[in-house]
Amino acid sequence: MPIRDPFKLELALNSTFRVKICRKCGAKNAWTAERCRRCKSRNLRPKRYKK
Ligand SMILES: [Zn+2]
């Protein structure tokens, strides 16, 4: 379902893309996480929205 309201769209994107992905095991982590909660690796990348 496409979201047409730009404010709601921004909220949705913020909650969806404010995560960090582990490069090693691919687990989702909290935005504030320093290391992976599954494999304890520090090899995290932010998942960001690209236009
Ligand atoms: Zn990991």
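Summary of the structure given here. By convention here, each chain's residues receive numbers from 1 onward along its written sequence. The predicted origin of the model limits local features to residues at a pLDDT of at least 70 and limits the giving and counting of side-chain atom pairs to 80 or more, whereas totals for whole chains, interfaces and linings rest on all residues. No hydrogens and no water enter the side-chain calculation; it runs on all heavy atoms of the structure.

## Things to note about the sheet that holds strand S3 (residues 44-47)
We count it as follows: Strand pairing is defined by DSSP finding a minimum of two bridges between the two strands. Under the scheme used here, helices are H or I runs from DSSP no shorter than 4 residues and strands are E runs no shorter than 2 residues, and both carry numbers assigned from the N terminus. Note on geometry: axes are lines fitted to C-alpha atoms, helical ones only across the stretch in contact, with angles between N-to-C directions running from 0 to 180 degrees.
Overall, antiparallel pairing links the three strands, which are arranged S2-S1-S3 in an open sheet. Each edge of the open sheet carries a strand with a single partner, namely strand S2 (28-30) and S3. Each adjacent strand pair in this sheet contributes to an overall mean axis angle of 40°, direction not counted. Bridge count between strand S1 (residues 19-22) and S3: four bridges; the pairing is antiparallel.

## Focus: the nonpolar core
As a reminder of what qualifies: Take the buried Ala, Val, Leu, Ile, Met, Phe, Trp, Tyr and Cys residues and link them wherever side-chain atoms come within 4.5 Å; each set so joined is a nonpolar core. Exposure is judged per residue with a 1.4 Å probe applied to protein chains only, and the accessible area is read against the type maximum: over 50% gives exposed, under 20% gives buried, and values in between give partly exposed. Contacts are assigned to residue pairs that have any heavy atoms within 4.5 Å of one another.
Counting five residues, the largest nonpolar core is built from Cys22, Ala27, Ala33, Cys36 and Leu44. With residues up to four places along the chain from it excluded, the contact list for Ala27 reads Lys20, Ile21, Cys22, Cys36 and Arg38.

Purely geometric numbers; function is a separate question.
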